[in-house]
Amino acid sequence: MIKLLATFTLLFITLNLFSQDVNKDSYGISIGSGQAGLYTLGKAYVGGPDYEGLSAIEAGLNYYHPLNKFLYFESGIYWHHNKIKITPNLDPGFELTPRYTNLNFFYIPVNLKLMFLKYFFIDGGMLLNMDVSTHSDISNQTAIGADFGFGIEIPIFKHYSITINPYVNIHELYKLDRHDLGESILGDGVRFTIKRHLK
């Protein structure tokens, strides 16, 4: 994971240095909310507890670099939080009181964004996740995932715009710890971003 983070940090710096010449990069601040579900990459345990993802929130810093008139490289860093409800799977007559656990992780998207019809876009790519939860009752979420979204970007001032971006994040397609193939997060929601254009 450290090597992956180092690679994409160098890529981010390289694009940022290049952008000083073309001066067309954009930066943004995002906040999003949605629902999180759980699935398993490994063998499910028969009779195991039921996991339910409750409402999730996230916030992030964004970076956009134009590759041509319509295509952009986009990245940044996001913080994701949601609460998980865990209900025991026991025989009738036993106590079935659910317990709750918190999930926190950072993720870095490595995406391409395609603009069309002036204001609309689709985007997607790869996610690099780093779990920073403490005392969580579900599997570690450090992994490689993928994301997809679409949306609209609306100019509001000379150098600013707002984007509204429904998205789906599959946070774990490949877990870096192959001995920990338990619960994985699948999230969907809507993200709002305020962008500043340096053009």
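Residues numbered from 1 in each chain as written. Predicted model: local features only at pLDDT ≥ 70, side-chain atom pairs only at ≥ 80, totals over all residues. Heavy atoms only, no water.

**Q** Mind showing me how you'd approach the overall build of the protein chain here?
**A** What the protein chain contains, in helices and strands, is one helix and eight strands. The buried share of the protein chain, taken over its 199 residues, is 38%. Taking all contacts inside the protein chain whose residues are at least 6 apart in sequence as the whole, residues at least 24 apart take part in 65%. Accessible surface, the protein chain: about 11400 Å² in total, of which carbon and sulfur atoms supply 66%. (Helix = DSSP H or I, 4+ residues; strand = E, 2+ residues; numbered from the N terminus. Buried < 20%, exposed > 50% of the residue type's maximum accessible area, 1.4 Å probe, protein only. Contact = heavy atoms within 4.5 Å. Areas by Shrake-Rupley, 256 points an atom, 1.4 Å probe, with all protein chains shown as cover.)

**Q** Would you mind showing me how to read the side chain of Arg 191 here?
**A** Counting through the fold element by element, Arg 191 comes out in strand 8 (residues 183–197). In terms of polar contacts, Arg 191 uses its side chain to reach the side chain of Glu 58, at 3.0 Å. Those residues in contact with Arg 191, other than ones at most four positions away along the chain, are Ser 30, Ile 31, Gly 32, Glu 58, Tyr 78, Tyr 107, Thr 163, Ile 164, Asn 165, Tyr 167 and Asn 169. (Polar contact = N/O pair within 3.5 Å; in protein donor to acceptor, adjacent residues only side chain to side chain.)

**Q** Help me understand the nonpolar core in this model?
**A** In terms of nonpolar packing, the biggest core is built from eleven residues, these being Ala 36, Ala 56, Tyr 78, Ile 84, Ile 86, Leu 103, Phe 105, Tyr 107, Leu 127, Ile 138 and Ile 185. The set of elements that each furnish at least two residues to this core consists of strand 3 (71–87) and strand 4 (99–116). Sequence-distant contacts of Leu 103, defined by excluding residues within four places in its chain, comprise His 80, His 81, Asn 82, Asp 131, Ser 133, Ile 138, Gln 141 and Ile 185. (Core = buried A, V, L, I, M, F, W, Y, C linked by side-chain atoms within 4.5 Å.)

**Q** Sorry, what's going on with the confidence of the model for the protein chain here?
**A** Low pLDDT means the predicted coordinates in that region are not meant to be read closely. Taken as a whole, the protein chain shows an average pLDDT of 82; of its residues, 77% reach a score of 70 or greater. Mean pLDDT per element in the protein chain: helix 1 (residues 2–22) is the minimum at 52, and strand 5 (residues 120–131) is the maximum at 95. (pLDDT = per-residue confidence, 0-100.)

**Q** Can you walk me through the pairing of strand 5 in this structure?
**A** Within a regular beta strand, the side chains point alternately toward one face of the sheet and then the other, so they alternate between its two faces. Bridge count between strand 4 and strand 5: twelve bridges; the pairing is antiparallel. Its bridge partner being in strand 5, Tyr 107 is matched across the sheet by Asn 129. Two elements, strand 5 and strand 6 (residues 143–157), share ten bridges in a ladder whose sense is antiparallel. Considered in strand 6, the bridge of Phe 120 is made with Ile 152. (Pairing = 2+ DSSP bridges.)

**Q** Would you mind showing me how to read the environment of Phe 106 here?
**A** Along the chain, Phe 106 falls in strand 4. Along the chain, Phe 106 and Ser 133 lie 27 residues apart, while their C-alpha atoms are 9.8 Å from each other. When residues no more than four places from it in sequence are discounted, the contact partners of Phe 106 are Ile 77, Tyr 78, Trp 79, Leu 128, Asn 129, Met 130 and Val 132.

**Q** Got a minute to help me understand the pattern of salt bridges in this structure?
**A** Between side chains of opposite charge, pairing is possible as soon as their charged atoms come close. In the structure shown here, the tally under the stated rule is four salt bridges. Put simply, Glu 58 and Arg 191 hold a salt bridge, and the shortest N to O gap is 3.0 Å. With Glu 58 in strand 2 (residues 50–66) and Arg 191 in strand 8, the pair connects residues that are 133 residues apart, well separated along the chain. A salt bridge links Glu 153 to Lys 113, with the nearest nitrogen and oxygen atoms 3.0 Å apart. Here Glu 153, found in strand 6, pairs with Lys 113, found in strand 4; they are 40 residues apart in sequence, far enough to count as distant. (Salt bridge = Lys/Arg side-chain N within 4 Å of Asp/Glu carboxyl O.)

**Q** I tried to follow the packing of aromatic side chains on my own but got confused; where do I start?
**A** Within a pair of aromatic rings, the relevant descriptors are the distance that separates the centres and the angle that separates the planes. Counted under the stated rule, the structure contains four aromatic pairs. Ring geometry for Tyr 27 and Tyr 63: centres 5.4 Å apart, planes at 50 degrees, overall tilted. Of this pair, Tyr 27 sits in strand 1 (residues 26–40) while Tyr 63 sits in strand 2, and the two are 36 residues apart along the sequence. The buried category is assigned to Tyr 63, whose relative accessible area is 1%. Judged by centre distance (5.1 Å) and plane angle (10 degrees), the ring pair of Tyr 78 and Tyr 107 falls under stacked. (Phe/Tyr/Trp six-rings, centres within 6.5 Å; stacked < 30°, edge-to-face > 60°.)

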